[in-house]
Amino acid sequence: MSATAPPEGFHTNSRCLAFHGPLLYESKILKVYLPGQKNEDIPVDEIPGELREAVAYLIHYKGWKSSWDEWLPQQRVLRWTEENLRLQKELKNEALQQLRSKKANGGVEGSPATSGTAGGTGVSGTAATTTSQSSSSASHKRKDVAKDHAESSRSLKKTRRDADDKEDRQSSHLDVHIIIPDILMAQLVDDWEYVTKNSQLVDLPRKPTVKDILQDFKVAYQKRRLSNAESEILDEVIEGIQLYFDKSLGSILLYRFERQQYLEITTTNPTKLPRELYGAEHLLRLFVSLPGLLLHTHMDQQSLNVLKGHIEELLKYMAKNRKSLFMEFYINSTPAYDASSRGL
């Protein structure tokens, strides 16, 4: 195979699998770029600079808006084969297990369910040049995630070891499983990588804030012409989410690397609540932590079902408006911040 020619089976309109974050998605090749050739239908400035020296593909993710179409290098695109479909399923199942594991009990520092990484439109380091390399990359990530969850679990057990045994027995039968859309699960893992692997941060204060997002969701939800009782429930749910966010951000939702930033932003904005400083990235982490937190409340199953329904509607809203709610790029920390965050 020529260094400037794509492998067999990778051509315009080919069905394929493409990495977006740590997951594989069914995709189609819209264009093929070959370096050193004419590529008459592709303006050179359309190709990202870092991809112009090798074969690249313009990818459309099936079921996604065309605004998500992006140029990818060869190593982020896999053939549509049974073996790669199995890999796709394996990666998805592992992400589900990590992000929804009851053992995480609400996710705390170190868990990709509660913080994150790469923006979602850039080139992901999780893609591999072959299926075996992809599996190896996923395996390493699984080990990191498992280690983080183990630390989180120990932390939660320590803080809750004085909990009443009767309350634990009563809460064990409750169902607080919250369904998170796949695209937001990918966002969570990306977010985790940005902070824990790349040592990057969400730029604060955020806009829109958590408070803004919840108010905009309320306006959108009220278009359903709710009854007075339904409107009151919606108000209670939104206020409850805000309270949970404010109370849990500093103790549960942050990664260790973000704690110094939290101290700085709250010190310089003493009159503002976390909901007025943080945005979608940290709000999304809350919904992975929330099931574990709710098990230790006195809510009955019916009330939990109502809350769960509203939260899942909010998550659908966030997925639909993902591009305007989440940061595309995180910021690099300064050497001084790195040293301070590590206590140097």
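Remember, it's a predicted structure, so these values are computed and weren't measured experimentally. (Residues numbered from 1 in each chain as written. Predicted model: local features only at pLDDT ≥ 70, side-chain atom pairs only at ≥ 80, totals over all residues. Heavy atoms only, no water.)

S.K.: Would you mind going over the environment of Ala56 in detail, with residue names and values included?
M.R.: For Ala56, the position within the fold is in strand β3 (residues 56-61). By relative accessible area, Ala56 is classed as buried at 0%. Note: C-alpha distance between Ala56 and Val32 (24 residues apart in sequence) is 6.1 Å. Contacts of Ala56, omitting those with residues within four sequence positions, involve Lys31, Val32, Tyr33, Leu51, Trp71 and Leu72. (Helix = DSSP H or I, 4+ residues; strand = E, 2+ residues; numbered from the N terminus. Buried < 20%, exposed > 50% of the residue type's maximum accessible area, 1.4 Å probe, protein only. Contact = heavy atoms within 4.5 Å.)

S.K.: How would you explain the pairing of strand β2 (residues 23-33) if you had to name every residue and give the values?
M.R.: Note that strand β1 (residues 15-20) and β2 share 6 bridges and pair antiparallel. When the sheet's bridge partners are listed, His20 is paired in β2 with Leu23. Between the antiparallel neighbours β1 and β2 lie 2 residues, among them Gly21 with a positive phi of about 65°. Strand direction decides the pairing type here: β2 and β3, joined by 6 bridges, are antiparallel. Paired with Lys28 across the bridge in β3 is His60. (Pairing = 2+ DSSP bridges.)

S.K.: Could you give me a rundown of helix α5 (residues 210-221), with the residues and numbers involved?
M.R.: The end-to-end C-alpha separation of α5 is 16 Å, in line with the 16 Å expected for 12 residues at 1.5 Å each. Every buried residue of α5 is accounted for by Val210, Ile213, Leu214, Phe217, Lys218 and Tyr221. One face of α5 carries all of its buried residues, which in axial projection span an arc of 140°. Structurally, α5 contributes buried residues whose contacts are with α6 (228-253), α8 (280-294), α9 (301-320) and α10 (322-325). (Expected span 1.5 Å × (residues − 1). Arc of directions from axis to C-beta.)

S.K.: Could you give an account of the packing of α5 against α9, naming the residues involved and the relevant values?
M.R.: Put simply, α5 and α9 touch, their axes get as near as 11 Å, and they point 100° apart. Here α5 is positioned roughly perpendicular relative to α9, judged by the angle of their axes. Along its contact with α5, which presents Ile213, Leu214, Asp216, Phe217, Ala220 and Tyr221, the element α9 presents His310, Glu313, Leu314 and Tyr317. Class assignment of the residues belonging to the contact of α5 with α9 gives a composition of 7 nonpolar, 1 polar and 2 charged. (Axes fitted to C-alpha atoms, helices over the stretch in contact; angles between N-to-C directions. Parallel < 35°, antiparallel > 145°, perpendicular 65-115°, else oblique. Nonpolar A, V, L, I, M, F, W, Y, C, P; charged D, E, K, R; others polar.)

S.K.: Just give me the short version of unusual backbone geometry, but keep the residues and values in it.
M.R.: In this model, Leu204 is joined to Pro205 through a cis peptide bond whose omega is -5°. Examined against the element boundaries, Pro205 turns out to sit in the loop between β6 (200-201) and α5. The omega torsion of the bond from Lys207 to Pro208 falls at 5°, within 30 degrees of zero and hence cis. Residue Asn13 is not a glycine yet carries a positive backbone phi of 75°. Judged by its relative accessible area of 54%, Asn13 falls in the exposed class. Positive phi values are uncommon outside glycine, yet Ser199 reaches one of about 55°. A relative accessible area of 18% means that Ser199 is categorised as buried.

S.K.: So, the environment of Asn305: which residues are in play, and what are the values?
M.R.: Within the secondary structure, Asn305 sits in helix α9. Asn305 gets classed as partly exposed once you look at its relative accessible area, which sits at 41%. With 129 residues separating them in the primary sequence, Asn305 and Val176 have C-alpha atoms 7.6 Å apart.

S.K.: Quick one: what's the story with the packing of α8 against α9, residue by residue and with numbers?
M.R.: Across the interface, α8 lies against α9 with an axial gap of 12 Å and an inter-helix angle of 160°. As far as their axial angle goes, α9 and α8 are roughly antiparallel. When the axes of α8 and α9 are compared, the crossing they make is left-handed. From α8, Ala280, Leu283, Leu284, Phe287, Leu290 and Leu294 reach across to α9, where they touch Leu304, Leu307, Ile311, Leu314, Leu315 and Met318. Class assignment for the residues of the contact of α8 with α9 results in 12 nonpolar, no polar and no charged. (Left-handed = near helix turned anticlockwise from the far one by under 90°.)

S.K.: Summarise the confidence of the model for the protein chain; cite the residues concerned and give the values.
M.R.: Caution applies to low-pLDDT regions: their predicted coordinates should not be interpreted in detail. Scored by pLDDT, the protein chain has a mean of 79; 76% of the residues are at 70 or more. The least confident element of the protein chain, judged by mean pLDDT, is helix α2 (residues 131-160) at 44; the most confident is α5 at 97. Note that residues 106-139 has pLDDT below 50 and, in this model, 121 contacts with residues that lie over four places away or in other chains. (pLDDT = per-residue confidence, 0-100.)

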